[in-house]
Amino acid sequence: MTRHTTVLVVGAGPCGLAMAAQLRRLDVDVTVVDAQGRPHTGSRAILLWPPVREVLDELGLAEDAARAAVRPAALHYHLGSGGSVRVPLAASDIPLVLPQERTGQLLAQALADRGTNVEWGTRVSRITPTADSVRATLTREADGTQEEIEADWLIGADGLHSSVREALGVEFSGARFPATFLLAEGRITGTTDAAGTDAADTGGPGAAHTRGPGAADTGNLSTQEIHYFLARTGVALLAPLPSGEFRLSGAVPAGTADTAEHAQALLDERGPGGLRFTEVRSVALFSSEERVAHTLRSGRCFLVGDAAHVHSPIGGQGLNLGIPDTRNLAWKLAGVVHGRLRPSVLDSYDPERRAVIAQTLEATGRMARQAVAGPVAGRVRNLTWKLLQVTGVLTRFYAPMLAGWRSHYPDVLFGAPLPDPKRRTQRSRPRPGTRDPRWTPRPTDALAGRFQLFTHGDPAGPLAARAAQLVADLPDLIAHIPSDGGQEHFVLLRPDGYVAASGGADDLSHAGRRLASLVPALPSGTPAGEGSSR
């Protein structure tokens, strides 16, 4: 007998779990399978920037994640004899440093709390797409038994070597990055000559919230910062972990072995001096690739996370690119499943996420090339960093870029730009397709999957009236969050946090017509926001 499910998620790493948990939050039936016999282990991706933090918040995991994580107050770049550059992190930019294993545990619990458990040790051995469903064969690794399952939709979240991507015949083009990296984790002690004061003592952004559990004794090297040592022989990263351990990573020459001795040698060669590993819990060598799937959608099948794209780990953007894939797709797919959105809205998934993938690949590729720069290029790099610090570019642009606030979408969801784009350049009116830390969706379950319309101004004015009419026309699509006073304006946020529209009362009428294009039909048959009544 064939089992049926609305959505089959293949892969139970963080991206698959986040995809499934968000769909369950939106009341979509989900089945999750993973070929491994048990949950994924290891620290792997440890930096959770705001795009991931927002998803955790929406799933009710923000407090648990924050308690378990280190929250660094700054990025500290040590330039050897050239001094150092410290990039303070605003509250809106601070990441969580949390081992991937723990992130997966939190997401799995959120999924279980919504009535769905992962079917471990279950491999998808065959996928047969049809016009209105996807049939798959599930094979239990324990005894080899098979089961047929029919899903309305299928999500491939099964990583770099995705069986879903292979079964769909989707090309995964790109190349291997020409460097090998050593990664070691363990306990470090000692006193250094490197400058670095504790953010809690200097009143830096987030200082009152950055002390992580199990802080290590490293003398005058701050355990509340992520350190980058830009030595003449190469770059090394030293990041505090919640357990009181540190992660050390850097590109190494060919022939380097994955031993504790080589980890200490890397720390001695590129670090500040005076530090030593008292215990090396794990050490490994890895290489990175830059690859992107030729398409992120094939009929009723979608690719997310490493199944869709991989890139250099420098900058800690792995999960911060993959989990937003799921956030982009979840509200659209749930809207289609529940009949609130036209199926054509799913056509925007590939071009929107492909644009951000390209932006991320460009940024991480640039950082990776700087990390393996030779002596001459290294000196130029160090001088450039000092200049960027003096001009404030690092604080205004670089930190928000790492934090995900600089990503932007092309205007494909609605198909046409709003009129009068010059008006959208006002500071209070962020541009459509962008993200803005001043404007983030309210994370309550009651608002899940809906556009959130923030209005300011006279509660009896024309903007408030048009907002009320728009919500009356599209009650299942929009939630109105009014605020009295100030210059009259609005910001309309998509469910995934990107700006859909902004402006004044006239602009809201145009935005209403665009929103109406997403729904199968309006009860009144008249354009939303133009005085229609139910």
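See the structure above.
Residues numbered from 1 in each chain as written. Predicted model: local features only at pLDDT ≥ 70, side-chain atom pairs only at ≥ 80, totals over all residues. Heavy atoms only, no water.

## A word on the packing of aromatic side chains
All chains considered together, the criterion is met by 8 aromatic pairs. Between the aromatic rings of Trp-331 and Phe-451, the centroid separation amounts to 5.4 Å while the plane-to-plane angle is 85 degrees, which identifies the pairing as edge-to-face. Of this pair, Trp-331 sits in helix α8 (residues 318–337) while Phe-451 sits in strand β19 (residues 451–457), and the two are 120 residues apart along the sequence. Just as Trp-331 is buried, Phe-451 falls in that class too. (Phe/Tyr/Trp six-rings, centres within 6.5 Å; stacked < 30°, edge-to-face > 60°. Helix = DSSP H or I, 4+ residues; strand = E, 2+ residues; numbered from the N terminus. Buried < 20%, exposed > 50% of the residue type's maximum accessible area, 1.4 Å probe, protein only.)

## Digging into empty space enclosed by the protein
Inspection of the entire model under this criterion finds 4 cavities of 30 Å³ or more. Counting only elements with at least two residues in the lining of the largest cavity, the list comes to α1 (14–25) and α8. If you tally residues by element for the lining of the largest cavity, the top one is α8, at 3 residues. In terms of residue class, the lining of the largest cavity is built from 8 nonpolar, 4 polar and 5 charged. In this structure, the second largest cavity occupies an estimated 90 Å³ of space. Lining the second largest cavity are 13 residues, and of these Pro-410, Asp-411, Gly-433, Arg-494 and Val-499 sit closest to its centre. The residue makeup of the lining of the second largest cavity, split by class, is 8 nonpolar, 1 polar and 4 charged. (1 Å grid on protein atoms, 1.4 Å probe; cavity = no way out; pocket = protein on both sides within 12 Å on 5 of 7 lines; lining within 4 Å. Points joined across faces, edges and corners; volume = space filled by probe spheres on them. Nonpolar A, V, L, I, M, F, W, Y, C, P; charged D, E, K, R; others polar.)

## A word on the nonpolar core
Buried together is how nonpolar side chains tend to be arranged in soluble globular proteins. Of all hydrophobic cores here, the largest spans 98 residues; its most connected members are Val-7, Ile-155, Phe-451, Ile-478 and Leu-515. Examining the composition of this core, we find that 9 residues originate from one element, α8, more than from any other. (Core = buried A, V, L, I, M, F, W, Y, C linked by side-chain atoms within 4.5 Å.)

## Some points on the environment of Gly-503
Among the secondary structure elements, Gly-503 is positioned in strand β21 (residues 499–503). For Gly-503, a relative accessible area of 2% puts it in the buried group. Residues Gly-503 and Thr-455, spaced 48 residues apart in sequence, show a C-alpha to C-alpha distance of 9.7 Å.

Function cannot be read off these values alone, since they describe shape.
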